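Chain and residue survey
Listed below are the residues making up each chain.
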Amino acid sequence: MALLVVVGTAVWVAGRWHVWFGNVPEEAVNPSSAPAHVLLTFGDQDEMSRNVSWQCDTTLHPSWLELVCDGDTTVIEAQGEVFESRNGKAAYYVARLRQLKPDSRYRYRAVVGSSLGVAETSSPWYDFQTHAPGHDRFSFLFVGDVQDTIGGIANQLLLDAWSHHPEVEFLVCGGDLIERPANQYWAETFRTIDSIGQSIPILNVTGNHDYLKGIIQRLERRFPLVFSYFLDSKVGDNMVYTLNYGDAQLFVLDSNREFFYLWTQRQWLKEQLEQSKAKWKILVLHHPLYSIKGKNNIVQRWMFDDLVREYGVNLVLQGHEHAYARMTSHYKNGAPGAPVYTVSHCSPKNYRIHFDEHFDKFGISSRHYQTVSIHGDTLEMAAYDANTQALYDSLMIIINPAKEYGWRPVIDLGKDIPENLEFTPDPANKKDRKFAERIKEYINCKR
């Protein structure tokens, strides 16, 4: 009997070994001789700061950003670093923009030369807009996991989302923007965000697919070289970041880490929340604090959820579990209120989920994105089907100083929008059949 257990365990481990520890082969790195993979992100915690990063060649050269506003050109020297991955190397650069004017249109391009000011090659010109001073109205896009296949349709979906919501001022990604940390998938990611990532800032968090697998997972240096705000904001080896923007403050965590690192992040988050004077507090992390796949992510919930509730976080944006879900908290009198937790994704892969009764709404077999709009004492979150652009879910959180019916009541505007629960099981797949049964049970309970 003991031998059977040992053999069975060995067979099971062998079958799961690649899932746990195997990394996809990386195609050869072949960087462009001109600045490429140009990306606009935020910089430090100041809402008016920006970073621009790019990649060029395999060795470092003098490189800079030319920034034009109202006919005046400013030259900003870039800092460079050569990164060697598993199959080649490339030079990465970042220029930090720290004295931008509000309500202004900027044009810029990345330049590489033989010496500072002597250009040899450059990127195309791009442009971006800074917001007006004293604004209390703004909105941004959020997408969960993208991790598109090579040649996938994510770029068109994101461009469609942007065209339907041209008022958004930045894009937030909930991790797993890339399929795996290999050159071919990084190239696909830059194709995914092409035309968007050069025009509005992107704020991305780490996901498990951003890490190299191993007994101890490892995040490549390439990740913060691309999402360069982490170069200055990380705490130890924790990719954490916070951004003050208008009346809001966003807090970014790396939920992929081991216990010790999560504890360090907890201390960082607690300090940031204690110091925050923002009206709207929004937490962004990859692993849902309340899983829709069963008893997952318990450590992350234990580490962070009490801080979310104690310090008045209004909205928690999450990915990882490849479905749509929304959970609203409730006051003692039963009235719905903040914090609101959402899970979302924009990936071609859909996962089987559980239908926990604590959640208000689910969506499967589709891709979604969200808009978050803030205006004074109101935050509105709306979810859309990325394939059809149809509204899928919507709610409002209201700051209520009088604390009638709760301090931050939630108005559910999406309860009458039908849930997408269409699923065609493979009759030969036992897990598919069980999932189809769970869907039926959930629908019957809702009736």
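Our subject is the structure listed above.
Residues numbered from 1 in each chain as written. Predicted model: local features only at pLDDT ≥ 70, side-chain atom pairs only at ≥ 80, totals over all residues. Heavy atoms only, no water.

Here we come to unusual backbone geometry. Cis geometry marks the peptide bond from Ala338 to Pro339, where omega comes out at 10 degrees. At Asp70, a position not held by glycine, the phi torsion is positive, near 55 degrees. The phi angle at Gln389 is positive, at roughly 70 degrees, despite the residue not being glycine. Tracing the chain through its elements places Gln389 in the loop between β23 (378-385) and β24 (391-398). (Helix = DSSP H or I, 4+ residues; strand = E, 2+ residues; numbered from the N terminus.)

The subject of this paragraph is the nonpolar core. By size, the foremost hydrophobic cluster in this structure holds 69 residues, and its most contacted members are Phe140, Phe227, Ile282, Val284 and Leu379. The residues contacting Leu379, other than those within four sequence positions of it, are Trp280, Ile282, Leu315, Val372, Ser373, Ile374, Leu395, Met396 and Ile397. With 33 residues, the next largest nonpolar core counts Leu289, Val316, Phe435 and Tyr442 among its residues. (Core = buried A, V, L, I, M, F, W, Y, C linked by side-chain atoms within 4.5 Å. Buried < 20%, exposed > 50% of the residue type's maximum accessible area, 1.4 Å probe, protein only. Contact = heavy atoms within 4.5 Å.)

Moving on: the pairing of strand β15 (residues 241-245). Judged by how many residues are buried, β15 sits mostly within the fold: 4 of 5 residues are covered. Summarising the sheet, β15 and strand β16 (residues 248-252) pair through 5 bridges and their orientation is antiparallel. In the strand pairing of β16, Tyr245 is matched with Ala248. A loop of 2 residues connects β15 with β16, the two strands running antiparallel in sequence, and Gly246 in this loop sits at a positive phi of about 60 degrees. (Pairing = 2+ DSSP bridges.)

Next up on the list: the packing of aromatic side chains. Evaluated as defined, the whole model comprises 29 aromatic pairs. Ring geometry for Phe83 versus Tyr92: centroids 6.5 Å apart, planes at 75 degrees, classification edge-to-face. The same class applies to Phe83 as to Tyr92, namely buried. Considering the side-chain rings of Phe259 and Trp302, the 6.1 Å spacing of their centres and the 20 degrees angle between planes classify their relative orientation as stacked. Here Phe259 is found in helix α6 (residues 259-275), whereas its partner Trp302 is found in helix α7 (residues 298-310), with 43 residues between them in sequence. An aromatic cluster of at least three residues, connected via ring pairs, comprises Trp186, Phe190, Phe223, Phe227, Tyr229, Phe230 and Tyr241. A cation over an aromatic ring shows up here: Arg257 above the ring of Tyr261, its NZ or CZ 3.7 Å from the ring centre. Taking the ring centre of Tyr392 as reference, the NZ or CZ of Lys361 above it sits at 4.9 Å. (Phe/Tyr/Trp six-rings, centres within 6.5 Å; stacked < 30°, edge-to-face > 60°. Lys NZ or Arg CZ within 6 Å of the ring centre and 35° of its normal.)

So, about the environment of Val68. Positionally, Val68 belongs in strand β3 (residues 63-69). The residues touching Val68, leaving out its near neighbours within four places in the chain, are Thr73, Arg105, Tyr106, Arg107 and Trp125.

Using the criterion set out here, one finds 19 salt bridges in the structure. Between Asp70 and Lys101 there is a salt bridge, with the nearest N and O atoms lying 3.1 Å from each other. Placement of the pair is Asp70 in the loop between β3 and β4 (72-77) and Lys101 in the loop between β6 (88-97) and β7 (105-115), with a sequence separation of 31 residues. Lys101 sits in the partly exposed class, given a relative accessible area of 38%. Across the pair Lys270 and Glu274 runs a salt bridge, and its minimum N-O distance is 2.7 Å. With Lys270 and Glu274 both in helix α6 and 4 residues apart, the pair spans about one turn of that helix. Relative accessible area serves as the criterion here: at 44%, Glu274 is assigned to the partly exposed category. (Salt bridge = Lys/Arg side-chain N within 4 Å of Asp/Glu carboxyl O.)

Before going further, it helps to examine a nonpolar patch on the surface. There is a patch of nonpolar side chains on the surface, built from Phe259, Trp263, Val299 and Trp302 and spanning about 450 Å² of accessible area. Only α6 and α7 provide two or more residues apiece to the nonpolar patch. (Patch = residues over 30% accessible without salt bridge, like charges linked within 9 Å, V, L, I, M, F, W, Y side chains within 5 Å. Areas by Shrake-Rupley, 256 points an atom, 1.4 Å probe, with all protein chains shown as cover.)

Take helix α3 (residues 183-192) next. Owing to its 3.6 residues per turn, the α-helix brings residues three or four apart onto one side. The element α3 is largely enclosed, with a buried count of 8 among its 10 residues. Asn183, Gln184, Tyr185, Trp186, Glu188, Thr189, Phe190 and Thr192 are the residues of α3 that are buried. The inward-facing, buried residues of α3 contact β1 (36-42), α2 (154-164) and α4 (222-226).

Moving on, we come to the side chain of Arg50. Looking at the secondary structure, you find Arg50 in strand β2 (residues 50-55). One buried charged residue, Arg50, remains without a salt bridge, the closest side chain of opposite sign being Glu169 at 6.4 Å. (Lys, Arg positive; Asp, Glu negative; His and termini not counted.)

For the rest of this paragraph, the subject is helix α8 (residues 430-446). Between the first and last C-alpha of α8 there are 25 Å, a value that for 17 residues agrees with the 24 Å anticipated at 1.5 Å per step. You can read the cap of α8 off the contacts: a side-chain oxygen lies 2.9 Å from the backbone nitrogen of Lys431, and it is on Asn429. (Expected span 1.5 Å × (residues − 1). Polar contact = N/O pair within 3.5 Å; in protein donor to acceptor, adjacent residues only side chain to side chain.)

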